[in-house]
Amino acid sequence: MNNNSTHARYVALIGDIRGSRDADDRQEVQTEFKRVVDALDDQVASSAIASPFTVTTGDEFQALLTDAGAAVDAAVAASDRFHPARLRFGIGRGGLDTELNPDRAIGMDGPCFHRARDAIDAAREDGAWLRVAGWSGDLEAHVNAMFDLVQGVREDWTDRQAEFALALAEAGTQKRVAERYDVSKSTVSESLSAAHVKAVRAAEQTLATVLEQGLTGDERP
(Lines give C-alpha, C1' and ligand atoms only; values in the text may rest on other atoms or scores of the structure.)
Protein backbone atom coordinates (compact mmCIF):
# COMPACT_ATOMS: atom_id res chain seq x y z
CA MET A 1 0.00 0.00 0.00
CA ASN A 2 1.28 3.45 -0.90
CA ASN A 3 1.34 5.44 2.33
CA ASN A 4 1.27 8.66 0.29
CA SER A 5 -1.85 7.70 -1.64
CA THR A 6 -4.11 10.10 0.23
CA HIS A 7 -1.81 13.01 -0.72
CA ALA A 8 -1.52 12.09 -4.41
CA ARG A 9 -3.67 13.49 -7.19
CA TYR A 10 -5.94 11.05 -9.01
CA VAL A 11 -8.55 11.05 -11.75
CA ALA A 12 -11.83 9.28 -10.95
CA LEU A 13 -14.07 8.14 -13.79
CA ILE A 14 -17.75 7.32 -13.32
CA GLY A 15 -19.86 6.08 -16.20
CA ASP A 16 -23.46 4.97 -16.59
CA ILE A 17 -26.06 4.07 -19.18
CA ARG A 18 -28.27 6.86 -20.42
CA GLY A 19 -31.95 5.96 -20.23
CA SER A 20 -31.31 2.46 -18.89
CA ARG A 21 -34.47 2.47 -16.77
CA ASP A 22 -36.56 2.92 -19.90
CA ALA A 23 -34.96 0.03 -21.81
CA ASP A 24 -37.30 -2.85 -22.66
CA ASP A 25 -34.42 -5.34 -22.40
CA ARG A 26 -32.72 -3.80 -19.35
CA GLN A 27 -31.18 -7.09 -18.15
CA GLU A 28 -29.60 -7.69 -21.55
CA VAL A 29 -28.34 -4.11 -21.69
CA GLN A 30 -26.78 -4.43 -18.24
CA THR A 31 -25.10 -7.72 -19.20
CA GLU A 32 -23.54 -6.10 -22.25
CA PHE A 33 -22.56 -3.08 -20.15
CA LYS A 34 -20.69 -5.32 -17.71
CA ARG A 35 -18.90 -7.05 -20.58
CA VAL A 36 -17.78 -3.71 -22.00
CA VAL A 37 -16.63 -2.41 -18.60
CA ASP A 38 -14.75 -5.62 -17.74
CA ALA A 39 -12.79 -5.26 -21.00
CA LEU A 40 -11.59 -1.73 -20.20
CA ASP A 41 -8.79 -2.95 -17.92
CA ASP A 42 -7.18 -4.47 -21.03
CA GLN A 43 -7.89 -1.47 -23.27
CA VAL A 44 -6.37 1.21 -21.02
CA ALA A 45 -2.67 1.33 -20.18
CA SER A 46 -2.15 -0.66 -16.98
CA SER A 47 0.31 1.96 -15.72
CA ALA A 48 -2.57 4.48 -15.60
CA ILE A 49 -4.94 2.29 -13.55
CA ALA A 50 -4.74 2.91 -9.81
CA SER A 51 -7.88 0.89 -9.11
CA PRO A 52 -9.60 -1.16 -11.83
CA PHE A 53 -12.86 -0.58 -13.66
CA THR A 54 -15.61 -1.84 -11.37
CA VAL A 55 -19.35 -2.13 -11.97
CA THR A 56 -20.87 -0.66 -8.81
CA THR A 57 -24.54 -1.09 -9.78
CA GLY A 58 -26.22 -2.72 -12.75
CA ASP A 59 -25.83 0.37 -14.89
CA GLU A 60 -22.89 2.28 -13.35
CA PHE A 61 -19.15 1.76 -13.05
CA GLN A 62 -16.18 3.63 -11.69
CA ALA A 63 -12.40 3.50 -11.82
CA LEU A 64 -9.49 5.40 -10.31
CA LEU A 65 -6.72 6.45 -12.67
CA THR A 66 -3.49 8.39 -12.53
CA ASP A 67 -3.79 9.78 -16.05
CA ALA A 68 -6.59 12.06 -17.25
CA GLY A 69 -5.92 11.02 -20.84
CA ALA A 70 -6.62 7.42 -19.87
CA ALA A 71 -10.01 8.46 -18.51
CA VAL A 72 -10.93 9.93 -21.90
CA ASP A 73 -9.55 6.85 -23.66
CA ALA A 74 -11.75 4.64 -21.48
CA ALA A 75 -14.85 6.74 -22.16
CA VAL A 76 -14.18 6.57 -25.89
CA ALA A 77 -13.49 2.82 -25.88
CA ALA A 78 -16.63 2.07 -23.89
CA SER A 79 -18.80 4.33 -26.05
CA ASP A 80 -17.43 2.79 -29.26
CA ARG A 81 -18.36 -0.69 -28.07
CA PHE A 82 -21.75 0.16 -26.57
CA HIS A 83 -23.35 1.68 -29.67
CA PRO A 84 -26.26 2.24 -30.31
CA ALA A 85 -27.00 2.42 -26.55
CA ARG A 86 -25.47 5.58 -25.09
CA LEU A 87 -23.29 6.14 -22.08
CA ARG A 88 -22.41 9.24 -20.10
CA PHE A 89 -19.33 9.99 -18.02
CA GLY A 90 -18.02 12.18 -15.25
CA ILE A 91 -14.28 12.72 -14.83
CA GLY A 92 -13.07 14.22 -11.55
CA ARG A 93 -9.60 15.32 -10.57
CA GLY A 94 -8.34 15.51 -7.00
CA GLY A 95 -7.01 13.61 -4.02
CA LEU A 96 -8.22 10.74 -1.85
CA ASP A 97 -9.33 11.06 1.76
CA THR A 98 -9.11 7.30 2.24
CA GLU A 99 -6.46 4.73 1.46
CA LEU A 100 -6.15 3.45 -2.08
CA ASN A 101 -7.93 0.18 -2.83
CA PRO A 102 -5.86 -1.29 -5.70
CA ASP A 103 -8.17 -4.28 -6.20
CA ARG A 104 -11.59 -2.71 -6.78
CA ALA A 105 -12.74 0.87 -7.27
CA ILE A 106 -15.00 0.79 -4.23
CA GLY A 107 -14.69 1.83 -0.60
CA MET A 108 -12.73 4.98 -1.41
CA ASP A 109 -13.67 8.60 -0.92
CA GLY A 110 -12.21 12.01 -1.60
CA PRO A 111 -12.35 15.07 -3.86
CA CYS A 112 -11.62 13.10 -7.04
CA PHE A 113 -14.75 10.97 -6.53
CA HIS A 114 -16.86 13.90 -5.34
CA ARG A 115 -15.95 15.84 -8.48
CA ALA A 116 -16.55 12.87 -10.76
CA ARG A 117 -20.00 12.55 -9.19
CA ASP A 118 -20.65 16.25 -9.66
CA ALA A 119 -19.51 15.92 -13.28
CA ILE A 120 -21.75 12.98 -14.15
CA ASP A 121 -24.68 14.67 -12.40
CA ALA A 122 -24.05 17.73 -14.60
CA ALA A 123 -23.89 15.47 -17.67
CA ARG A 124 -27.21 13.93 -16.67
CA GLU A 125 -28.81 17.35 -16.22
CA ASP A 126 -27.41 18.66 -19.53
CA GLY A 127 -28.08 15.49 -21.54
CA ALA A 128 -24.34 15.40 -22.20
CA TRP A 129 -21.94 12.61 -23.07
CA LEU A 130 -19.11 13.72 -20.79
CA ARG A 131 -18.36 16.35 -18.19
CA VAL A 132 -15.15 17.08 -16.25
CA ALA A 133 -14.55 18.73 -12.88
CA GLY A 134 -11.48 19.59 -10.83
CA TRP A 135 -9.55 21.69 -13.33
CA SER A 136 -9.53 25.47 -13.59
CA GLY A 137 -12.89 26.94 -14.49
CA ASP A 138 -11.84 28.19 -17.93
CA LEU A 139 -10.32 24.84 -18.89
CA GLU A 140 -13.38 22.93 -17.68
CA ALA A 141 -15.73 25.16 -19.67
CA HIS A 142 -13.63 24.81 -22.83
CA VAL A 143 -13.24 21.04 -22.57
CA ASN A 144 -16.89 20.43 -21.74
CA ALA A 145 -17.99 22.52 -24.72
CA MET A 146 -15.65 20.61 -27.03
CA PHE A 147 -16.96 17.28 -25.76
CA ASP A 148 -20.47 18.50 -26.60
CA LEU A 149 -19.38 19.07 -30.20
CA VAL A 150 -17.85 15.59 -30.37
CA GLN A 151 -21.07 14.16 -28.94
CA GLY A 152 -23.11 15.94 -31.59
CA VAL A 153 -21.16 14.21 -34.37
CA ARG A 154 -20.96 10.81 -32.66
CA GLU A 155 -24.68 10.61 -32.06
CA ASP A 156 -25.35 11.08 -35.76
CA TRP A 157 -23.36 7.95 -36.62
CA THR A 158 -25.32 5.16 -38.24
CA ASP A 159 -24.78 1.62 -36.99
CA ARG A 160 -22.51 0.90 -39.96
CA GLN A 161 -20.48 4.06 -39.44
CA ALA A 162 -20.03 3.18 -35.77
CA GLU A 163 -18.95 -0.35 -36.73
CA PHE A 164 -16.40 0.98 -39.20
CA ALA A 165 -15.10 3.54 -36.70
CA LEU A 166 -14.55 0.84 -34.08
CA ALA A 167 -13.03 -1.53 -36.60
CA LEU A 168 -10.61 1.15 -37.77
CA ALA A 169 -9.51 1.75 -34.17
CA GLU A 170 -8.92 -1.98 -33.77
CA ALA A 171 -7.51 -2.87 -37.19
CA GLY A 172 -5.57 0.30 -37.94
CA THR A 173 -6.21 0.61 -41.67
CA GLN A 174 -9.20 1.05 -43.94
CA LYS A 175 -8.01 -1.91 -46.02
CA ARG A 176 -8.27 -4.22 -43.02
CA VAL A 177 -11.70 -2.83 -42.17
CA ALA A 178 -12.84 -3.54 -45.73
CA GLU A 179 -11.50 -7.08 -45.49
CA ARG A 180 -13.22 -7.65 -42.15
CA TYR A 181 -16.61 -6.65 -43.55
CA ASP A 182 -16.04 -7.95 -47.09
CA VAL A 183 -16.73 -4.57 -48.68
CA SER A 184 -14.70 -2.31 -50.93
CA LYS A 185 -12.15 0.06 -49.47
CA SER A 186 -14.03 2.96 -51.09
CA THR A 187 -17.18 1.96 -49.19
CA VAL A 188 -15.26 2.14 -45.92
CA SER A 189 -13.58 5.41 -46.88
CA GLU A 190 -16.84 7.09 -47.86
CA SER A 191 -18.60 5.93 -44.70
CA LEU A 192 -15.80 7.12 -42.40
CA SER A 193 -15.60 10.43 -44.24
CA ALA A 194 -19.35 11.03 -43.98
CA ALA A 195 -19.15 10.32 -40.23
CA HIS A 196 -16.19 12.70 -39.78
CA VAL A 197 -14.40 9.92 -37.89
CA LYS A 198 -10.93 11.36 -38.46
CA ALA A 199 -11.98 14.71 -36.96
CA VAL A 200 -13.73 13.02 -34.03
CA ARG A 201 -10.66 10.93 -33.20
CA ALA A 202 -8.39 13.97 -33.44
CA ALA A 203 -10.68 15.94 -31.13
CA GLU A 204 -10.88 13.10 -28.60
CA GLN A 205 -7.11 12.72 -28.54
CA THR A 206 -6.55 16.45 -28.25
CA LEU A 207 -8.99 16.72 -25.34
CA ALA A 208 -7.28 13.81 -23.60
CA THR A 209 -3.93 15.58 -24.00
CA VAL A 210 -5.30 18.92 -22.79
CA LEU A 211 -6.72 17.33 -19.64
CA GLU A 212 -3.53 15.42 -18.93
CA GLN A 213 -1.37 18.50 -19.39
CA GLY A 214 -3.80 20.33 -17.13
CA LEU A 215 -2.82 18.00 -14.29
CA THR A 216 0.24 20.19 -13.76
CA GLY A 217 -1.75 23.41 -13.90
CA ASP A 218 -4.23 25.13 -11.64
CA GLU A 219 -6.65 22.94 -9.75
CA ARG A 220 -9.76 23.68 -7.76
CA PRO A 221 -9.08 23.45 -4.02
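Summarised in this report is the structure supplied together with it. (Residues numbered from 1 in each chain as written. Predicted model: local features only at pLDDT ≥ 70, side-chain atom pairs only at ≥ 80, totals over all residues. Heavy atoms only, no water.)

**Let's talk about the pattern of salt bridges**
Right, on to step 1. Taken as a whole and assessed by the stated rule, the structure comprises 17 salt bridges.
Right, on to step 2. The partner of Arg 160 in a salt bridge is Glu 163, and the shortest N-O contact between them spans 3.1 Å. Taken as a pair, Arg 160 and Glu 163 lie in helix H5 (residues 159-171) at a separation of three residues, close to a single helical turn.
Right, on to step 3. According to the relative accessible area criterion, Glu 163 is partly exposed, its value standing at 33%.
Right, on to step 4. Between Glu 170 and Arg 180 there is a salt bridge, with the nearest N and O atoms lying 2.9 Å from each other. (Salt bridge = Lys/Arg side-chain N within 4 Å of Asp/Glu carboxyl O. Helix = DSSP H or I, 4+ residues; strand = E, 2+ residues; numbered from the N terminus. Buried < 20%, exposed > 50% of the residue type's maximum accessible area, 1.4 Å probe, protein only.)

**A few points about the sheet that holds strand S1 (residues 10-17)**
Right, on to step 1. An order of S2-S3-S1-S4-S5 is seen for the five strands of this open sheet, with the pairing classed as mixed. The sheet is open, and its two borders are formed by strand S2 (49-57) and strand S5 (130-133), each paired with just one other strand. Mean inter-strand twist for the sheet, computed between neighbouring axes without regard to direction, equals 15 degrees.
Right, on to step 2. Relative to S5, strand S4 (residues 87-94) is paired through four bridges, and the arrangement is parallel. In the strand pairing of S5, Ile 91 is matched with Val 132.
Right, on to step 3. Across the sheet, helix H1 (residues 26-43) lies against S1, S2, strand S3 (60-65) and S4, angled at about 175 degrees from S2, the strand it touches most.
Right, on to step 4. This element, helix H3 (residues 111-126), spans S1, S3, S4 and S5 of the sheet and lies at about 145 degrees to S4. (Pairing = 2+ DSSP bridges. Axes fitted to C-alpha atoms, helices over the stretch in contact; angles between N-to-C directions. Contact = heavy atoms within 4.5 Å.)

**Here we look at the side chain of Glu 140**
Right, on to step 1. Within the secondary structure layout, Glu 140 lies in helix H4 (residues 137-154).
Right, on to step 2. Relative accessible area serves as the criterion here: at 12%, Glu 140 is assigned to the buried category.

**Notes on helix H7 (residues 185-194)**
Right, on to step 1. Along H7, the residues classified as buried are Val 188, Ser 191 and Leu 192. The arc that holds every buried residue of H7, seen down its axis, measures 95 degrees, which confines them to one face.
Right, on to step 2. Looking at the buried positions of H7, the neighbouring elements they touch are H5, helix H6 (174-181) and helix H8 (197-213). (Arc of directions from axis to C-beta.)

**What about H8?**
Right, on to step 1. With 17 residues, H8 extends 24 Å from end C-alpha to end C-alpha; this agrees with the ideal 24 Å at 1.5 Å per step.
Right, on to step 2. If you check which residues of H8 are buried, you get Val 197, Val 200, Ala 203, Glu 204, Leu 207, Ala 208 and Leu 211. Along the axis of H8, the buried residues cluster in a sector spanning 135 degrees; they form a single face. Every exposed residue of H8 that faces more than 90 degrees away from the buried side is listed here: Lys 198, Ala 199 and Gln 213.
Right, on to step 3. Here the buried face of H8 lies against helix H2 (68-81), S5, H4, H5 and H7. (Expected span 1.5 Å × (residues − 1).)

All we've got here are geometric facts, nothing functional implied.
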